[in-house]
Amino acid sequence: MADVVIIGVGIHAFGRHEKSYEEMGADAAAAALRDAGIQWSDIQAAYLARMYLPATSGARILRRLGSTDISIVDIEAACASGGVALRQAILAIRSSEIDLALVLGCEKMPRGFMDPSMIYSPWQVEMGMSLNPAYWSMRARRHMHDYGTTELQIAKVAYKNHRNSVHNPHAMYRKPFSLEQILNSPLVCDPVRQLEICAPNDGAAAVVVASAERARRLGARNGAVSVAASCHTIAKYSADFRCPADSMSVTASNLGPTEVTAKQAYERAGMGPDDIDCFEVQDTDAFCELEIYEMLQLCRLGEAGKLIDEGVTELGGAKPVNMSGGLISKGEPVGASHLGQVAEIVSQLRGTAGVRQVPEARVGLAHVMGAGGNCAITILRR
C-alpha cells in the first residue's frame, strides 16, 4: 500500500459541543483540506464513518463545503468505522478509479452508555448483558487471576493517558490525575473505575488520501505520510470482541480480531512490532490497553503489567502508547475515533506533535476495536 499516502488531517475537538454534527464534520473536513493545500472541488470521492448519525449524513455534512457530483458514502462498522472508511478510500485509489479522496469521521452521541439496542440483540438487553463495563470487568478480573495483574497497574494506564492529554488541545479532558485519585474514583464495575474509562461524546476527524503520484504533483506542502497497511477483520467465532488466544478462548486457534488484524497488518507492511515507534490504541477502559499490549505482541502473554510498571509505553519509553491521551482522555465519538488516532500518528511522523512528540518517530500504528468483533489497524510510515 506504499502507493497511497495521507496528505492532510483535520480534527474538531472531541467533547460536548453546542454545535450540530454537520458543523463539526464540516469544520474537520475543511481543516484537512487546508492541511493538504487543496480545495473541496479537487476531491473525487468522500467517505463518512459514523454509527449514530442519520442516513446520508456524509452528504448533509459535506454539502456545507459546496455541492458536487462525487460519490459520498456513509460507512458503519461500530468502533472500527473510521478504519473501514479509510480502507475503502485506499482501495479505491489503489484500483486507479480515483487518486484523491476525503475520509471523514463524525459523531454526536447521547450521554451515558451507548444505546444497547444498536449493539446487542434484544435478548441480551432483556437479560442485562448489554452494558460494556460488565464485559470489561470480567476480562480484567480473569487476567488478574491468571497473571497477577493488579489494580495499580491498570490505574497506571489511566494515569499515563490523563497526563499525556494535558498537552492535547483536541482532548475532552485535559487534567492530570494522581494514582490515588484514580484508585479512589467511584467503581463502575469492579475493578473498572470512573477515571479509567472513556466517555462517548461529540467530535469529528478527517484525512485526505491520495495516490503517491497525485501527492507529488500537488506538492503535499505539510508532508505526505505513506500507508503501509490498512486492515479490518471481524471476530471469527467468539461474541467477545476481545477474545485472545489464551485460557479465555474456546480453543487455542480461536484468535481474537486484534491478533488476526495485527498479523495481517504486520505482514502487509513488511514489519513487526519492534519496527513501530509509536501506537494509538483502543482504551475504552484502562485494562483494555494492557490487553492490547499483548495482542499487538509488544510483550508476551501475561506481561502487560510489567510493561506499564517499567514505563515502556510512556512518552520517553521504548514503545509510547496513546500519546494523545487515548480515548480515556479524548472521549469516543465512535465514527471519529480511529481517524483521530490516525491524525495523531500523522502529527508524530511529521514531527509536529509538540510536547507529545516521540523523538525520531518514523512508523506508527493506530488500532481500534468494538462491537461485533470489528477491528481495524492502520500502519503509517514516513
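Heads up: these notes are all about the structure in this document. Predicted model only: the values in this text are computed from it and were never measured.

Some words on the packing of helix α3 (residues 81-94) against helix α13 (residues 334-350)
Then, in step 1: One way to put it is that α3 packs onto α13 with a least axis distance of 6 Å and a crossing angle of 65 degrees. By the angle between their axes, α3 is roughly perpendicular relative to α13. Two secondary-structure elements touch here, α3 through S81, G82, G83 and L86 and α13 through G335, H338, L339 and V342.
Then, in step 2: Class assignment of the residues belonging to the contact of α3 with α13 gives a composition of 3 nonpolar, 5 polar and no charged.

What to know about the environment of S67
Then, in step 1: Relative to the helices and strands, S67 is located in the loop between α2 (57-62) and β3 (71-75).
Then, in step 2: Considering only alpha carbons, one finds S67 and A235, 168 residues apart in sequence, at a separation of 39 Å.

Things to note about the packing of helix α5 (residues 132-147) against helix α10 (residues 286-295)
Then, in step 1: α10 packs onto α5 with a crossing angle of 55 degrees between their chain directions and a minimal axis gap of 10 Å. With respect to each other, α5 and α10 are oriented oblique. Considering the relative orientation of α5 and α10, their crossing is left-handed. Residues W136, R139, A140 and H143 of α5 form the contact with α10, whose own contacting residues are F287, E291 and E294.
Then, in step 2: Residues belonging to the contact of α5 with α10 are distributed by class as follows: 3 nonpolar, 1 polar and 3 charged.

Quick look at the pattern of salt bridges
Then, in step 1: Inspection of every chain in the model, using the stated rule, returns 22 salt bridges.
Then, in step 2: R216 serves as the salt-bridge partner of E213, at 2.9 Å between the closest nitrogen and oxygen. With a gap of 3 residues between them, E213 and R216 both fall in helix α8 (residues 212-218), about one helical turn apart.
Then, in step 3: Linked through salt bridges whose partners overlap, the residues forming this network are D99, E213, R214, R216 and R217.

Examining the environment of C198
Then, in step 1: Summarising the element assignment, C198 is placed in the loop between β6 (192-193) and β7 (202-211).
Then, in step 2: Between the C-alpha atoms of C198 and I328, which are 130 residues apart in sequence, the distance is 4.1 Å.
Then, in step 3: Those residues within four positions of C198 in sequence are excluded, and the remaining contacts are D283, T284, L327, I328 and E332.

Let's talk about a nonpolar patch on the surface
Then, in step 1: Where nonpolar side chains cluster on the molecular surface, the patch consists of F113, L131 and V188 and spans about 250 Å² of accessible area.
Then, in step 2: Looking at the secondary structure, you find F113 in the loop between β4 (100-107) and α4 (122-126).

Let's talk about the nonpolar core
Then, in step 1: Grouped together as the largest cluster of nonpolar side chains are 41 residues, with contacts concentrated most on Y293, L296 and I379.
Then, in step 2: Residue assignment for this core shows that the elements contributing at least two residues are α5, α6 (151-165), β8 (225-234), α9 (257-269), α10, α11 (304-309), β10 (363-370) and β11 (374-381).
Then, in step 3: Among the elements that take part in this core, α10 stands out by supplying 6 residues, more than any other.
Then, in step 4: Not counting residues within four places of it along the chain, the set of residues in contact with L296 comprises T258, A262, Y266, P273, F279, V281, L365 and I377.
Then, in step 5: Of all hydrophobic cores here, the second largest spans 37 residues; its members include V84, V342, A366 and L380.

Description of the pairing of β7
Then, in step 1: For β7, a buried count of 10 out of 10 residues is recorded, marking the element as mostly surrounded by other parts of the structure.
Then, in step 2: Burial along β7 is two-sided: the face carrying D202, A204, A206, V208 and A210 and the face carrying G203, A205, V207, V209 and S211 are both buried.
Then, in step 3: Direction of pairing for strand β1 (residues 4-15) relative to β7: antiparallel, over a ladder of 9 bridges. If you follow V4 over to β7, its bridge partner there is S211.

Focus: the side chain of D285
Then, in step 1: Mapped onto the fold, D285 is located in the loop between β9 (278-280) and α10.
Then, in step 2: Owing to a relative accessible area of 1%, D285 belongs among the buried residues under this scheme.
Then, in step 3: There is a polar contact of 3.3 Å between the side chain of D285 and the backbone nitrogen of F287.

Remarks on the sheet that holds β11
Then, in step 1: Overall, mixed pairing links the 9 strands, which are arranged β3-β2-β4-β7-β1-β8-β11-β10-β9 in an open sheet. The open sheet is flanked by β3 and β9, the only strands paired with a single partner. Each strand axis lies, on average, 20 degrees off the axis of its neighbour in the sheet, ignoring direction.
Then, in step 2: In this sheet, β4 lies alongside strand β2 (residues 45-49) in parallel orientation, the contact comprising 5 bridges. In the sheet register, L48 faces β4, and the bridge partner there is L104.
Then, in step 3: Seen against the sheet, α9 touches β8, β10 and β11 and runs at an angle of roughly 150 degrees to β8.
Then, in step 4: Against the sheet, α13 makes contact with β1, β2, β4, β7, β8, β9, β10 and β11, and its axis sits at roughly 170 degrees relative to β10, the strand it touches most.

Details of α3
Then, in step 1: The terminal C-alpha atoms of α3 lie 20 Å apart, and with 14 residues this matches the ideal 20 Å at 1.5 Å per residue to within 8%.
Then, in step 2: In terms of burial, α3 is largely enclosed, as 10 of its 14 residues are buried.
Then, in step 3: Inspection of α3 places S81, G82, G83, V84, A85, L86, A89, I90, A92 and I93 among the buried residues, and these make up the whole buried set.
Then, in step 4: Looking one or two residues past α3, S96 carries a phi angle of roughly 75 degrees, positive in sign.

Some thoughts on the pairing of β2
Then, in step 1: Most of β2 is tucked away: 5 of the 5 residues are buried.
Then, in step 2: Alignment of β2 against β3, held across 5 bridges, turns out to be parallel. Counterpart to A49 in the pairing with β3 is I75.
Then, in step 3: The parallel pair β2 and β3, bridged by α2, forms a crossover whose chirality is right-handed.

Definitions and limits used
- Residues numbered from 1 in each chain as written.
- Predicted model: local features only at pLDDT ≥ 70, side-chain atom pairs only at ≥ 80, totals over all residues.
- Heavy atoms only, no water.
- Axes fitted to C-alpha atoms, helices over the stretch in contact; angles between N-to-C directions.
- Helix = DSSP H or I, 4+ residues; strand = E, 2+ residues; numbered from the N terminus.
- Parallel < 35°, antiparallel > 145°, perpendicular 65-115°, else oblique.
- Contact = heavy atoms within 4.5 Å.
- Nonpolar A, V, L, I, M, F, W, Y, C, P; charged D, E, K, R; others polar.
- Left-handed = near helix turned anticlockwise from the far one by under 90°.
- Salt bridge = Lys/Arg side-chain N within 4 Å of Asp/Glu carboxyl O.
- Patch = residues over 30% accessible without salt bridge, like charges linked within 9 Å, V, L, I, M, F, W, Y side chains within 5 Å.
- Areas by Shrake-Rupley, 256 points an atom, 1.4 Å probe, with all protein chains shown as cover.
- Core = buried A, V, L, I, M, F, W, Y, C linked by side-chain atoms within 4.5 Å.
- Buried < 20%, exposed > 50% of the residue type's maximum accessible area, 1.4 Å probe, protein only.
- Pairing = 2+ DSSP bridges.
- Polar contact = N/O pair within 3.5 Å; in protein donor to acceptor, adjacent residues only side chain to side chain.
- Expected span 1.5 Å × (residues − 1).
- Right-handed = clockwise from strand over helix to strand, strands pointing away.

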